[in-house]
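A closer look at the structure
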Amino acid sequence: MIQNPSIEQYLNCSFECGCGRTHKSLFAHYIFETGAIAKLPALLEQLGYKRPYLISDTHTHKIAGIKVEEVLGKAGIPFASHVLKSPENGDLAADEHALGSVAMANDKDADIIISIGTGTINDLGRYFSYITGRPFLLVATAPSMDGLVSGVAPLIFHNMKITFPAQEPLALICEPEILAKAPLKMLAAGAADILGKYNCLLDWKLSHIVNDEYYCDTIAGIMGTAVDRTMESTKGLASQDSKAVSVLTEALVLSGIAMDFSGNSRPASGAEHHQSHYWEMQFLFDGIPAVLHGTKVGIGTVLMLELYNTLAEMEKPDFAAIRAKVADRLSTEAWEKEMHRCYGDGAEGIIALEKKAGKNNVEGLQKRLAVIEERWEEIRELAKTAPKAAEISHVLEEMGAAKIPADVGIPRQYVYDSIRYGKELRDRYTILQLMWDIDRLEEEAVKLVEKYCN
Ligand SMILES: [Zn+2]
Ligand SMILES: [Zn+2]
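Residues numbered from 1 in each chain as written. Chains lettered and ligands numbered in written order. Predicted model: local features only at pLDDT ≥ 70, side-chain atom pairs only at ≥ 80, totals over all residues.

Observations concerning the domain arrangement of the protein
Each domain of the protein was delimited in the assignment, giving domain 1 (33-181) and domain 2 (185-213 + 266-452). Relative to domain 2, the C-alpha centre of domain 1 lies at a distance of 33 Å. The interface is formed by 13 residues belonging to domain 1 together with 19 residues belonging to domain 2. Looking at the side of domain 1 that touches domain 2 residue by residue, the classes come out as 6 nonpolar, 4 polar and 3 charged. (Domains from an automatic or database assignment. Contact = placed C-beta atoms within 7 Å. Nonpolar A, V, L, I, M, F, W, Y, C, P; charged D, E, K, R; others polar.)

Dropping the structure here:
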């Protein structure tokens, strides 16, 4: 059993766990130190690569790309460098246009792809290296999201966000001075993405209780410790303190490792992420510039923790009455109509997922209701361990991060729909599905919109 939260022991490791599985992480080189970029030539030599293709954007090129080029140049390592043009307002999107640009500037003789950036540039490099059969290395410029170490790439294709298979970086290079100088809104977004784990770990445990889904205490413990440490560091982030930045970056890296261990994104993504994904899709449909991922996750976390806080105080529902009313739920036809209203072009995919997963079918619902009734006290005890939504909201405010939907322009209707139908995005049991199971989701959605969207 691993208890020390230090990250070194989780690099390139494999261990037999009390949960009965062997957990593995292939991610091996995490270099977080002053002068880390200067170590790049030696690292490339050690790994056996001779000719990198560098990808950055106008901003990240200035922040770290120029330094990478100088270091490689001095060491006599040949390289190609492609700087994507950042838009005047908003951020570069990881879409087919940007990917096309990376492909058209490709150096086919390069034997490794190095991304210099954190969000879009990281996703593009991770995916492009994967489809061209070359390894990937990341020089991070901001601790703003939890995909630093991740084996998948969320990309925008035909205005839809789709998660494509990709690969983890062989190495992650971070200079604390560069990360600490990232704009405060990026540091706050990274921290908010980590605070979201409070909710997602509850969702995971909840599904373990209701559906007997696989759950691992060790993985949840690693993530839980990382979240607690980040929570303690949020004040330091506001003053761009490098120790706080180190704690946050480590938590973001650990999210990736925890996903390696569990073999899916369970330890890092629950209903709070579904809220974020839902709003992001609506912004894409509407052509509104994107908001940082972690910023939206922070807002989603406050809303989802409200649901846990409500659950903690809830009287045991009248299960016989719920069962008697099962037939009154939305008909398939009415539900599909709602999916078309909410998801537009994406509705067919959502409907196909429901056909496969059957989240809303009567047999599954009845089975879950039986377990929820039997284990009601245990579920309430779990809900009581949730942090108070107001506490997380306060921490977000102290960091200068968005805490309510209006702070980033998310309209009332989108909030209602994301609470009511965000659960349809994935086949993943969360607090939203539990509220739906006990026939409270509609009522709670109305209450939350009243409280947070006025
Ligand atoms: Zn385990
Ligand atoms: Zn995230």
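Remarks on helix 19 (residues 441-452)
Taking 1.5 Å of rise per residue, the 12 residues of helix 19 would be expected to cover 16 Å, and the 16 Å separating its terminal C-alpha atoms lies within 8% of that figure. Elements that come into contact with the buried residues of helix 19 comprise helix 10 (293-313), helix 17 (412-421) and helix 18 (431-437). (Helix = DSSP H or I, 4+ residues; strand = E, 2+ residues; numbered from the N terminus. Expected span 1.5 Å × (residues − 1).)

Re the packing of helix 6 (residues 184-211) against helix 9 (residues 271-286)
Their axes nearest at 7 Å, the elements helix 6 and helix 9 cross at an angle of 120°. Judged on the interaxial angle alone, helix 9 and helix 6 are oblique. Across the interface between the two elements, G196, N199, C200 and D203 of helix 6 pack against A271, E272 and H273 of helix 9. The residue makeup of the contact of helix 6 with helix 9, split by class, is 2 nonpolar, 3 polar and 2 charged. (Axes fitted to C-alpha atoms, helices over the stretch in contact; angles between N-to-C directions. Parallel < 35°, antiparallel > 145°, perpendicular 65-115°, else oblique.)

Quick word on unusual backbone geometry
You will see that Q240, though not glycine, has its phi angle at about 55°, which is positive. As for its position among the elements, Q240 is in the loop between helix 7 (217-238) and helix 8 (242-262).

Some words on the sheet that holds strand 10 (residues 171-174)
Spatially, 6 strands are ordered 3-10-7-6-4-5 in an open sheet, and the strand pairing comes out parallel. Each edge of the open sheet is held by one strand with a lone partner, namely strand 3 (29-32) and strand 5 (80-84). With direction set aside, neighbouring strand axes in the sheet form an average angle of 15°. Taken together, the 4 bridges between strand 4 (residues 52-57) and strand 6 (residues 112-116) define a ladder with parallel strand orientation. By the bridge assignment for strand 6, I55 is matched with S115. Sitting on the sheet, helix 2 (residues 58-74) is in contact with strand 4, strand 5, strand 6 and strand 7 (136-139), with an inclination near 150° to strand 4. (Pairing = 2+ DSSP bridges.)

Description of the pairing of strand 2 (residues 22-25)
Here strand 2 shows a clear split, with H23 and S25 buried on one side and none of T22 and K24 buried on the other. Where strand 1 (residues 13-16) and strand 2 come together, 4 bridges link them in antiparallel fashion. Paired with C13 across the bridge in strand 2 is S25. Hairpin remark: strand 1 followed by strand 2, antiparallel, with 5 residues in the connecting loop; positive phi at G20, about 100°. (Buried ≥ 20, exposed ≤ 12 C-beta atoms within 10 Å, placed from the backbone.)

Points about the pairing of strand 8 (residues 152-157)
Direction of pairing for strand 8 relative to strand 9 (residues 160-165): antiparallel, over a ladder of 6 bridges. Counted as the bridge partner of V152 is P165 from strand 9. The loop that links strand 8 with its antiparallel partner strand 9 comprises 2 residues; one of these, H158, has a positive phi angle of about 50°.

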